[in-house]
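As a plain string of letters, each chain reads:
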Amino acid sequence: MRRDRGWILILSLLVVVLVLPFLRDAIGSQAFPGFYMVLAFQVLFWASQATSWNLLSGFGGYFSFGQGAFYGVGVYAMAVLTGRQDMTWWMATIIGGLLAMVLALIVGMVAFRLRSLRGEIFALLTLALPFILLAVARLSDAIDGGQGVIVPVPPVPSFLPTFQDFVFMAGGLIAVLALAVSYWMSRTRYGWALFAIHDDEDVAEAIGVPTFSHKMYAIALTGLLAGLSGAISAMQVGFVTPEGTFNLRVPVMVIVISVLGGRRHWAGPMVGALYVTLLQNRLQAGNLEGWSLIILGLVLAALVLLARRTG
Amino acid sequence: MEQIQAAVSGALQGSLFALMALGLSLTWGFLRVINLAHFGIILLGAYLTIELAGPTGLGPLGSLLVTVPVLFVAGAVVHLVFDRFEVSELNSLLISYGLLIVIIQVVQNVWSADFQRLPGDINPYATQSVRIGDLIFPLPTVMAALFALVLVVAMKYFLDKTYAGRALQAFGQDREIASAFGIDHRMLGLLLAGASGATAAIAGMLFTLRGTVTPDSALEWVGLVFAIVILGGIGNVAGTLWAGLLVGAVSGLVAIVWTPATSPLVVFTLVVLALIFRPQGLFRRKAAH
C-alpha cells in the first residue's frame, strides 16, 4: 500500500506533536532540556512556512518573495488582537489566518487576472508586498505605529506543563495541517492542475485546466497557512516590530528550505526545514552565526545553477 | 513654493535611485537576467568608498578610480556565471538572490551591522548646498543627478550610435537571429554586465555622500529601484531616468503633503497600478517582448 505512506508519516508527526510535551515532562529537564522544545518548534515553524509557500510557488511554479507579508499579517493579528484587544489566542490565530488569506486573495485577484503578470513580474510584485505592509504597520497606530507591540503570554491550558510545551503543540498542529493539505493536494486533481500550470500554463489552459481558479485556491491556502503559523510564532517571539516582521528573513528561509528539500514533493519543505534549522542551530552553537546566511545563499545559488530545470 | 522645493528635491534624490536602476534595467532588458546581486554590488561600492576615501587620501570621488574597475569585474564575473550555465530569467532571479544574501552577510561580517558614514573632513560635499532662486538643494543630490544624467546620455549614445550598442539591441530583440549575423554576444554581454557593475560603483559612492549606510540598505533599495526599472520600461535607458525623477518627485510631494511614512505606500500603489495598466513601462510605445 504505497499510496498510504504519506498519511502514516503525517499521523506519526501528529502523535509526536501531541505526546512530546508530556514525554519531556516525564523525562525531566535534566535529560531533556527545554531548549530542545524551542528547537523542535523552530523546525515545525519553518516546515509550516515552507510547506505553505510551496503550494503556490513549488507546485504551481509562481515564485513568490512575499511570504513575509502573509506571515507578518498573522504575527500582527496575534500581537494586536491579544495584546491590545484582549482576545483569546486561538481566536487571534484564526483571524490571523483568515486575514492573511484575504490578503493573498487580493494579490491573486490582481496578479492572476493579467496575462502579463506571469513569472518574473509576479515575483517582483510579491517582492514589493512586504515593504508596503511595513509602511502600513509603521504608519498605523492601531497596528503598530513604530514602537513595536508586546505579545502577552496567553494562559497555558491546564493539561500542559509549561508555556513552551503549549507553543510547541500549537505550532506543531499547524505544521501537521500544512503537511496534510500539501499531501492531499499532491494526490488530487488540484495538485495535478498546479503541476500542469507549473510546466506550461498555456497548454494547461488549452487542455481545460481552469488555471485562474486553481491559482486562487493555491494562493489562498498559502496565505491561510502562513498566517496561522505566523500568529503562533508571535507568541514564541513575545515582542514584534514592523522591521523585525516584514523583512526578507522569512522569504529567504522558505525559498532555500523548499529548493533544498524539493519543490515537487509534498514533504520536501519539511525535510528542508529539518536540514536548515539544524544547520543554523549548529552554526549558532559554534558562534558562527554570521556564516549561516552566507551558507544558505551559496546553497541556494548552487542548487539552482546545478538543477537548471527548476523554474 | 514648499511643494515645488519638495518635488524637485525628491526628483534629485530619485535620480540616485535611477542610477541604481540603470544597470539592473540594462542587464534585464538586453541580457535577459534579473540580477538582484546588483544591489550587493552597489552596497560594496558604498562600503569600499568609505574604506578607501579616507586612508588613501583619494576622497570619495577619487576612490572611483579603484571601485569602478573592481566592481566592473564583479559585475562581469556574475554574468559569466549566468552565461556559462545559460540560466533562465527566473533562475537568474533566484541565484542572484542567493548572491545578494551572501554579499550582505559578508559586508556585515567585515564592517559590522552598525551605521557607517564618511567622516566629515573627507566628505565636504555633505554640508554644502546649491541655491537656485529660492530653492536650496544639498550638493550630494545635485551631484547624483549630474552623474545620472551624464551616464544615461552616455549609455543612450553607446546603445544607439555604436556598433557594439546596436549589436546588443539586436541581441536583446532576438538572440538566434543576432547570433546568425555574427554578433559575439558573450563578449558584449560581459561588457554590458561590467558597465552595469561600474554604474553600481558610482551609485554606491553617491549614496555614501548623503549619509549613513548599513548592510540592510541593500534590501531597502530593492523595492524602490525595481519600481523605477519597471515604470521606466525594462531596458529603456532614458525611461529609467524619467521614472526615477517621477518616483522621487511623487515621494517628495507625498512626504510633505501627508507624512514621510506614507510615501512608500503611495509609490508602491502606483507601481502596482502601473504593472496592471502599463506592464511595458510608462515611456515605451510598444510592448516589450
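Before any of the text, the structure's been laid out above.
Colleague: Lay out the overall build of chain B with the relevant residues and their values.
Modeller: The secondary structure content of chain B amounts to 12 helices and 2 strands. Here the C-alpha radius of gyration of chain B, 19 Å, is about what a compact globule of 289 residues would show, namely 19 Å. Projected onto its principal axes, the C-alpha positions of chain B cover 55 × 45 × 35 Å. If you take every contact in chain B between residues at least 6 apart in sequence, the share linking residues at least 24 apart comes to 80%.

Colleague: Run through the overall build of chain A, naming residues and quoting values.
Modeller: On a plain count of helices and strands, chain A comes out with 13 helices and 2 strands. Over its C-alpha trace chain A gives a radius of gyration of 19 Å, about what one expects of a compact globule, namely 19 Å for 311 residues. Each principal axis of the C-alpha atoms in chain A carries an extent, and together these give about 60 × 50 × 35 Å. The proportion of buried residues among the 311 residues of chain A is 52%.

Colleague: Explain unusual backbone geometry to me, using residue names and the numbers behind them.
Modeller: Working note: non-glycine residues mostly have negative phi, and peptide bonds are mostly trans. The phi angle at A:Asp86 is positive, at roughly 60°, despite the residue not being glycine. As for its placement among the helices and strands, A:Asp86 is situated in the loop between helix H3 (67-83) and helix H4 (89-112). Take A:Asp86: there are 8 C-beta atoms within 10 Å of it, and that puts it in the exposed class. Unusually for a residue other than glycine, B:Arg32 sits at a positive phi of about 60°. Within the secondary structure, B:Arg32 is located in the loop between helix H1 (2-31) and helix H2 (37-53).

Colleague: Explain the interface of chain B and chain A to me, and be specific about the residues and the numbers.
Modeller: Interface size is commonly expressed as the accessible area that is lost once the parts come together. Opposite the 34 residues of chain B that make contact, chain A presents 34 residues. Counting only elements with at least two residues in the side of chain B that touches chain A, the list comes to helix H5 (89-111), helix H10 (217-232) and helix H12 (262-277) of chain B. At 15 residues, H5(B) tops the list of elements feeding residues into the side of chain B that touches chain A. Per-class residue counts for the side of chain B that touches chain A are 25 nonpolar, 8 polar and 1 charged.

Colleague: Talk me through the environment of A:Leu81; I want residue IDs and the actual numbers.
Modeller: Residues and elements named next belong to chain A. Relative to the helices and strands, Leu81 resides in helix H3. A sequence separation of 62 residues divides Leu81 from Ile143, and the C-alpha atoms of the two residues are 9.5 Å apart. Sequence-distant contacts of Leu81, defined by excluding residues within four places in its chain, comprise Met87, Ala92 and Ile95.

Colleague: Quick one: what's the story with helix H9 (residues 211-237) of chain A, residue by residue and with numbers?
Modeller: For the α-helix, the turn length of 3.6 residues means that residues three or four positions removed from each other point alike. Residues and elements named next belong to chain A. Along its 27 residues, H9 runs 38 Å from first to last C-alpha, staying within 8% of the 39 Å computed at 1.5 Å per residue. Of all 27 residues in H9, 20 are buried, a share of seventy percent or more. Taken from the residues just after H9, Gly238 is the one with a positive phi, measuring 90°.

Colleague: Tell me about the nonpolar core, and please be specific about residues and values.
Modeller: If you look at the biggest cluster of nonpolar residues, it comprises 209 residues, and the most contacted ones within it are B:Leu19, B:Val225 and B:Ile228. Not counting chain neighbours up to four residues away, the residues in contact with B:Val225 comprise B:Phe17, B:Met20, B:Ala21 and B:Leu24.

Colleague: Just give me the short version of the pairing of strand S2 (residues 135-138) of chain B, but keep the residues and values in it.
Modeller: Residue and element names in this part refer to chain B. Of the pairings in the sheet, the one linking strand S1 (residues 129-132) to S2 comprises 4 bridges and is antiparallel in character. The residue of S2 that forms the bridge with Arg131 is Ile136. Here S1 folds back onto S2, and the loop between the two strands holds 2 residues, one of which, Gly133, carries a positive phi near 60°.

Colleague: Would you mind going over the environment of B:Thr240 in detail, with residue names and values included?
Modeller: Residue and element names in this part refer to chain B. Mapping Thr240 onto the fold places it in helix H11 (residues 237-257). Residue Thr240 is classed as buried on the basis of its 34 C-beta neighbours within 10 Å. Taking C-alpha positions, Thr240 is 16 Å from Leu192, a pair spaced 48 residues apart along the chain. For Thr240, the contacting residues outside a window of four places in its chain are Ala18, Ala21, Leu22, Ser25, Ile228, Val229 and Gly232.

Colleague: Break down the packing of H3(A) against H4(A) for me, citing the residues and quoting the values.
Modeller: Residue and element names in this part refer to chain A. Closest axis-to-axis distance for the H3/H4 pair is 8 Å, and the angle between their directions is 145°. Seen from above, H3 lies across H4 with right-handed handedness. Residue-level inspection shows Ala69, Phe70, Val73, Gly74, Ala77, Met78, Leu81 and Thr82 of H3 in contact with H4, the latter providing Trp89, Ala92, Thr93, Ile95, Gly96, Gly97, Leu99, Ala100, Leu103 and Ala104. Grouping the amino acids of the contact of H3 with H4 by side-chain chemistry returns 13 nonpolar, 5 polar and no charged.

Colleague: With reference to specific residues and values, describe the packing of H2(B) against H5(B).
Modeller: Residue and element names in this part refer to chain B. Contact pair H2 / H5: the axes reach a minimum separation of 7 Å and the direction vectors enclose 20°. Considering the angle they form, H2 stands roughly parallel to H5. Handedness of the H2/H5 crossing: left-handed. In this structure, H2 uses Ala37, Phe39, Gly40, Leu43, Leu44 and Tyr47 to contact H5, whose residues at the interface are Ser96, Leu99, Leu100, Ile103, Ile104, Val107 and Trp111. Among the residues making up the contact of H2 with H5, the classes are represented as 11 nonpolar, 2 polar and no charged.

Colleague: If you had to explain the environment of A:Met87 to someone new, which residues and values would you point to?
Modeller: All names here are of chain A. Relative to the helices and strands, Met87 resides in the loop between H3 and H4. The exposure class of Met87 is partly exposed, given the 16 C-beta atoms found within 10 Å. Sequence-wise, Met87 and Leu283 are 196 residues apart; in three dimensions their C-alpha atoms are separated by 38 Å. Non-local contacts of Met87, meaning those with residues more than four positions away in its chain, are made with Leu81, Thr82 and Ala92.

Rules behind the numbers
- Residues numbered from 1 in each chain as written.
- Chains lettered and ligands numbered in written order.
- Predicted model: local features only at pLDDT ≥ 70, side-chain atom pairs only at ≥ 80, totals over all residues.
- Helix = DSSP H or I, 4+ residues; strand = E, 2+ residues; numbered from the N terminus.
- Rg over C-alpha atoms; globule rule 2.2 N^0.38 Å.
- Contact = placed C-beta atoms within 7 Å.
- Buried ≥ 20, exposed ≤ 12 C-beta atoms within 10 Å, placed from the backbone.
- Nonpolar A, V, L, I, M, F, W, Y, C, P; charged D, E, K, R; others polar.
- Expected span 1.5 Å × (residues − 1).
- Core = buried A, V, L, I, M, F, W, Y, C linked by C-beta atoms within 7 Å.
- Pairing = 2+ DSSP bridges.
- Axes fitted to C-alpha atoms, helices over the stretch in contact; angles between N-to-C directions.
- Left-handed = near helix turned anticlockwise from the far one by under 90°.
- Parallel < 35°, antiparallel > 145°, perpendicular 65-115°, else oblique.

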